Amino acid sequence: MDRVYNFSAGPSMMPLEVLEEAQRDMLNYPGAGCSVMEMSHRTPAFESILNQAQENLRKLMNIPDDYAVLFMQGGATMQFSMVACNLANEGDITNYAITGNFAKKAMEEAIRRTEAIAITSSKDANFTYIPEITDDMITPGAKYLHITGNNTIFGTRYTKTPNHAGTRLVADWSSAILGQDIPVADYDLIYAGAQKNMGPSGMAIVILKKEIIGEIDDQKVPVMLRYKPAFDNNSMYNTPPTFSIYMAGLMFKWAIKMGGVKELEKINTMKANMLYDYIDNSKMFTNPVNPKDRSIMNVTFTLPSEDDTKALLEMAKKRGIINIKGHRLVGGLRASIYNGMPIEGVKKLIELMDDFENGKRD
Ligand SMILES: *Cc1c(COP(=O)(O)O)cnc(C)c1O
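Procedures and definitions
Per-chain numbering applies: the sequence of each chain, read as written, is numbered from 1 onward. In keeping with the predicted nature of the model, local features appear solely for residues at pLDDT of at least 70, side-chain atom pairs appear and are counted solely at 80 or more, and the whole-chain, interface and lining totals rest on all residues. Hydrogens and water molecules were not included; the side-chain quantities draw on all heavy atoms of the structure. Among buried residues, those of type Ala, Val, Leu, Ile, Met, Phe, Trp, Tyr and Cys that are joined through side-chain atoms within 4.5 Å constitute a nonpolar core. Exposure classes here rest on a 1.4 Å probe applied to the protein chains alone. A residue is buried below 20% of its type maximum, exposed above 50%, and partly exposed in between. Contacts: residue pairs with any heavy atoms within 4.5 Å of one another. We call Phe, Tyr and Trp rings a pair once their centres come within 6.5 Å, taking the six-membered ring for Trp, and we label the pair stacked below 30 degrees between planes, edge-to-face above 60, and tilted otherwise. Each helix is a run of DSSP H or I of at least 4 residues and each strand a run of E of at least 2, with the numbering of both proceeding from the N terminus. Whether a charge sits over a ring comes down to the Lys NZ or Arg CZ being within 6 Å of the ring centre and within 35 degrees of the ring normal. Should a side-chain nitrogen of Lys or Arg be within 4 Å of a carboxyl oxygen of Asp or Glu, the pair is scored as a salt bridge. Think of it this way: DSSP has to see at least two bridges between two strands before they count as a pair. Lines fitted to the C-alpha atoms define the axes, with helices restricted to the stretch that makes contact. Angles between their N-to-C directions range from 0 to 180 degrees. Take the residue count of a helix, subtract one, and multiply by 1.5 Å to get its expected span. Look down the strands so they point away from you; if going from the first strand over the helix to the second traces a clockwise path, that crossover is right-handed.

*Asks:* Lay out the nonpolar core with the relevant residues and their values.
*Replies:* Core analysis: the biggest nonpolar cluster contains 85 residues, and Ile-207, Phe-252 and Phe-285 have the highest contact counts within it. Excluding its chain neighbours within four sequence positions, the residues that come into contact with Phe-285 are Tyr-278, Ile-279, Phe-301, Thr-302, Leu-303, Leu-312, Met-353, Phe-356 and Glu-357. Judged by nonpolar contacts, the second largest core, of 34 residues, contains Ala-68, Met-78, Met-82 and Val-170.

Structure, rendered in structure tokens:
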């Protein structure tokens with residue numbers, strides 16, 4: 001079987017040259033005589049892999065010196081808990097903007113520890129838009145406002161940093177990090193699962209203001225859920241996900257070679273616009289999202305009937321296009337077009353949709 005165009009929301013496609021580099025060095029990492037998987041994390045070789053990855057991410061995202069970068073385990077979901085455990089004391093007020101399922105899940109974790117308040121929600125329109133936040137919506141005394149920058153399931157995104165009345169701003173940018181420019185200095189903490197734009201799953205990257213670390217180091221919170229031990233040990237309090245860090249490092253190197261995040265954003269915007277333009281001109285496909293809030297990473301669309309959807313999925317499979325089924329919460333279809341998806345893949349998808357619409361069924 002040939003390699004397919006994989007439109008999965010995550011884990012997702014990675015650039016072929018990144019996979020090939022990993023393959024080349026799989027058995028024997030240069031100068032190490034062993035695979036990265038077999039390497040002790042307490043060796044200069046691995047420390048250099050980790051430090052290089054961190055430096056390259058700093059360069060790519062223009063991360064200011066007063067921010068720390070942590071490689072954490074447990075994916076983005078563990079950050080739902082860590083944010084509440086490290087930025088608030090028990091019983092403190094926290095604020096959440098509910099723009100989709102991941103936002104809801106993040107808040108559910110905060111409820112275990114804090115008085116979490118949903119200050120706004122776009123549930124009334126099935127999360128097809130990003131509600132405006134004004135300063136007066138922030139609860140006085142709230143420790144932070146949490147937003148989901150890009151809503152993977154519903155295909156929406158914030159196009160500007162929301163108002164937050166001077167309270168700390170925390171964002172889950174899992175599905176757009178490195179795929180578009182994110183103004184790090186606007187946020188106090190950004191986290192992202194790696195498996196969308198940065199490599200294999202299981203790891204999250206956390207970028208946070210150093211002043212947050214240790215401010216609340218609640219000893220009742222398990223050690224793996226506190227930022228301070230992670231920071232004090234350069235993300236190696238215990239054995240870190242060494243291979244995931246290595247792969248993310250390769251992705252960062254690739255992103256730099258591609259010209260950086262702004263260049264990647266240009267390509268991603270072009271890919272997204274190709275799809276949205278097609279859908280907007282189609283008589284068969286529709287996109288339910290408020291145009292100004294459309295994600296450039298996850299493009300959702302629907303067909304008039306379930307039978308049509310099934311038929312398109314069948315036809316897609318025959319053409320080596322997989323994972324365009326929408327999330328079970330929304331149904332329909334979704335194309336996730338992260339950094340690893342080549343323009344060619346998007347063209348193939350549009351060709352498929354066009355043939356389908358014009359009755360050219362395989
Ligand atoms: C994928 C995703 C998550 C969940 O990531 P895990 O690594 O599976 O925990 C959380 N938030 C957003 C926005 C996502 O896209």
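Having seen the structure, we can now continue with the description.
*Asks:* Explain the packing of aromatic side chains to me, and be specific about the residues and the numbers.
*Replies:* A full pass over the atoms with the stated rule returns seven aromatic pairs. Centroid distance Phe-80 to Tyr-191: 6.2 Å. Interplanar angle 70°. Geometry classified as edge-to-face. Residue Phe-80 is located in helix H3 (residues 75–87), and its partner Tyr-191 is located in strand S9 (residues 189–193); the two are separated by 111 residues in the primary sequence. Accessibility expressed as a relative area gives 3% for Phe-80, which makes it buried. Look at Tyr-191 and you get buried, because its relative accessible area is 0%. Geometrically, the ring pair formed by Phe-127 and Phe-154 is tilted, given 4.9 Å between the ring centres and 55° between the ring planes. Highlighted residues: Phe-127 in the loop between strand S4 (115–121) and strand S5 (144–148) and Phe-154 in the loop between strand S6 (150–151) and strand S7 (156–157), separated in sequence by 27 residues. Phe-154 sits in the buried class, given a relative accessible area of 7%. Aromatic rings pair up to connect Tyr-29, Phe-243 and Tyr-246 into one cluster. When the ring centre of Phe-356 is taken as reference, the NZ or CZ atom of Arg-361 above it lies at 3.6 Å.

*Asks:* Any details on the pattern of salt bridges? Residues and values, ideally.
*Replies:* A complete count under the given rule lists 20 salt bridges for this structure. For Lys-266, the salt bridge identified is with Glu-263, shortest N-O distance 2.9 Å. One end of the pair, Lys-266, and the other, Glu-263, are both in helix H7 (residues 261–281), three residues apart, so they sit about a helical turn from each other. For Lys-266, a relative accessible area of 53% corresponds to the exposed category.

*Asks:* Can you lay out the sheet that holds S9 for me, pointing to particular residues and giving the numbers?
*Replies:* The sheet built from seven strands is open, its strands ordered S2-S10-S9-S8-S5-S3-S4 with mixed pairing. In this open sheet, the two strands that pair with only one neighbour each are strand S2 (67–73) and S4. Strand-to-strand twist of the sheet, defined as the mean angle between neighbouring strand axes without regard to direction, takes the value 20°. Sheet analysis places strand S8 (residues 168–172) next to S9, joined by three bridges and oriented parallel. By the bridge assignment for S9, Val-170 is matched with Leu-189. H3 rests against S2, S5, S8, S9 and strand S10 (203–209) of the sheet, and its axis sits at about 155° to S9. Packing against the sheet, helix H4 (residues 101–111) makes contact with strand S3 (93–98), S4, S5, S8 and S9, and its axis sits at approximately 165° to S3.

*Asks:* Requested: an account of helix H9 (residues 343–357), with residues and values cited.
*Replies:* When the terminal C-alpha atoms of H9 are compared, their 21 Å separation across 15 residues agrees well with the 21 Å that a helix rising 1.5 Å per residue should span. On its buried face, H9 sits against strand S1 (5–6), H7, strand S11 (298–301), helix H8 (306–318), strand S12 (321–322) and strand S13 (333–336). Positive phi shows up at Gly-359, right after H9, with a value of about 75°.

*Asks:* Can you explain the pairing of S4? Please cite residues and give values.
*Replies:* Looking at chain direction, S3 and S4 are connected through six bridges and run parallel. Looking at the pairing, Tyr-96 lines up with Ala-118 of S4. Remark: the S3/H4/S4 crossover connection has right-handed handedness.

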